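As a plain string of letters, each chain reads:
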Amino acid sequence: MPRLTQRMEKLALLAGGSFKTIHDRIRIAGRLSQHLHKLNIQIKDIQHLKSSHIESYISARLDSDITPRTLQNEMAALRSILAQAGREKFAHSERISNKALGLGNASRAGTHKALTQDRWQVTETVISTLHKQCDMTLLYL
């Protein structure tokens, strides 16, 4: 595992919060680290992270059809990691603000749309499969 990923995961843990918040931060940090690795950007410490790296990451996520509201949440997680690393000024810089990254117009209202019948069928199948696997695991304990 790259050193940057390890350091960011440690900072995500130190930033505190609920188990889910910490887990989400760790996943987001890993995603950013993978993105930089794919671009062959060889950063070993979070102190060398630049705004252009974060801009590139957000641009790639937007191209992957990730909603702006989700990306706002990811930026909040990255800002908390940066602040924990002592890069408070960078975390709140204008260049990586939601508005500058094109995320400023995201709504918090949600979609208010129900799952389609096809999507519900897939979800139901996955849940029943997981239940069966759990039941089988409990039988062998």
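Source: prediction; values computed, not measured. (Residues numbered from 1 in each chain as written. Predicted model: local features only at pLDDT ≥ 70, side-chain atom pairs only at ≥ 80, totals over all residues. Heavy atoms only, no water.)

Caption draft 1: Structural view of the overall build of the protein. Across its full length, the protein holds six helices and zero strands. Going residue by residue from the N terminus, the α and β elements of the protein occur as α-α-α-α-α-α. Since a compact globule built from 141 residues should have a radius of gyration of about 14 Å, the 18 Å found for the protein marks it as more spread out than a globular shape. Here the C-alpha coordinates of the protein stretch approximately 50 × 40 × 30 Å along the principal axes. Residues classed as buried in the protein amount to 28% of the 141 residues present. (Helix = DSSP H or I, 4+ residues; strand = E, 2+ residues; numbered from the N terminus. Rg over C-alpha atoms; globule rule 2.2 N^0.38 Å. Buried < 20%, exposed > 50% of the residue type's maximum accessible area, 1.4 Å probe, protein only.)

Caption draft 2: The nonpolar core, seen in detail. Ile46, Leu49, Ile54, Ile58, Met75 and Leu82 are the most contacted members of the largest nonpolar core, which totals 26 residues. Secondary structure elements with two or more residues in this core: helix H1 (3-14), helix H2 (19-38), helix H3 (51-63), helix H4 (68-84) and helix H5 (88-91). The element contributing the most residues to this core is H4, with six residues. Every residue in contact with Leu49, bar those within four places of it in the chain, is listed here: Leu32, Leu36, Ile43, Ile54, Leu82, Arg87 and Phe90. (Core = buried A, V, L, I, M, F, W, Y, C linked by side-chain atoms within 4.5 Å. Contact = heavy atoms within 4.5 Å.)

Caption draft 3: Structural view of the pattern of salt bridges. On inspection of all chains with the given rule, the structure shows five salt bridges. With a shortest N-O distance of 3.1 Å, Asp24 and Arg27 are connected by a salt bridge. Taken together, the residues span about one helical turn, with Asp24 and Arg27 both in helix H2 at a distance of three residues. Judged by relative accessible area, Asp24 falls into the partly exposed class, the value being 21%. Arg95 is the partner of Glu55 in a salt bridge, and the nearest nitrogen-oxygen pair spans 2.8 Å. In this pair, Glu55 sits in helix H3 while Arg95 sits in the loop between H5 and helix H6 (117-139), placing the two residues 40 residues apart along the sequence. Residue Glu55 is classed as partly exposed on the basis of its relative accessible area, which comes to 25%. A residue is classified by how much of its surface remains accessible, and Arg95, at 47% relative accessible area, is partly exposed. Each of Lys20, Asp24 and Arg27 takes part in a single network of salt bridges with overlapping partners. (Salt bridge = Lys/Arg side-chain N within 4 Å of Asp/Glu carboxyl O.)

Caption draft 4: Representation of the side chain of Arg25 within the structure. Relative to the assigned elements, Arg25 resides in helix H2. Asp24 provides the closest opposite charge to the buried, salt-bridge-free Arg25, at an N-O distance of 8.7 Å. Polar contacts involving the side chain of Arg25 include one to the side chain of Ser80, which spans 3.0 Å. Residues contacting Arg25, with those up to four places away along its chain left out, are Ala12, Ala15, Gly16, Ala77, Ser80 and Ile81. (Lys, Arg positive; Asp, Glu negative; His and termini not counted. Polar contact = N/O pair within 3.5 Å; in protein donor to acceptor, adjacent residues only side chain to side chain.)

Caption draft 5: Geometry of the packing of H1 against H4. Contact geometry of H1 with H4 gives a least axis separation of 9 Å together with a crossing angle of 95 degrees. Considered as vectors, H1 and H4 are oriented roughly perpendicular to each other. Two secondary-structure elements touch here, H1 through Met8, Leu11, Ala12 and Leu14 and H4 through Leu78, Ile81 and Gln84. Its residues assigned to classes, the contact of H1 with H4 comprises six nonpolar, one polar and no charged. (Axes fitted to C-alpha atoms, helices over the stretch in contact; angles between N-to-C directions. Parallel < 35°, antiparallel > 145°, perpendicular 65-115°, else oblique. Nonpolar A, V, L, I, M, F, W, Y, C, P; charged D, E, K, R; others polar.)

Caption draft 6: Examining H2 more closely. With 20 residues, H2 extends 29 Å from end C-alpha to end C-alpha; this agrees with the ideal 28 Å at 1.5 Å per step. What H2 keeps buried is the set Ile22, Arg25, Ile28, Ala29, Gly30, Leu32, Ser33, His35 and Leu36. Residues of H2 that are buried make contact with H1, H3 and H4. One or two steps after H2, the chain reaches Asn40, where phi turns positive at roughly 60 degrees. (Expected span 1.5 Å × (residues − 1).)

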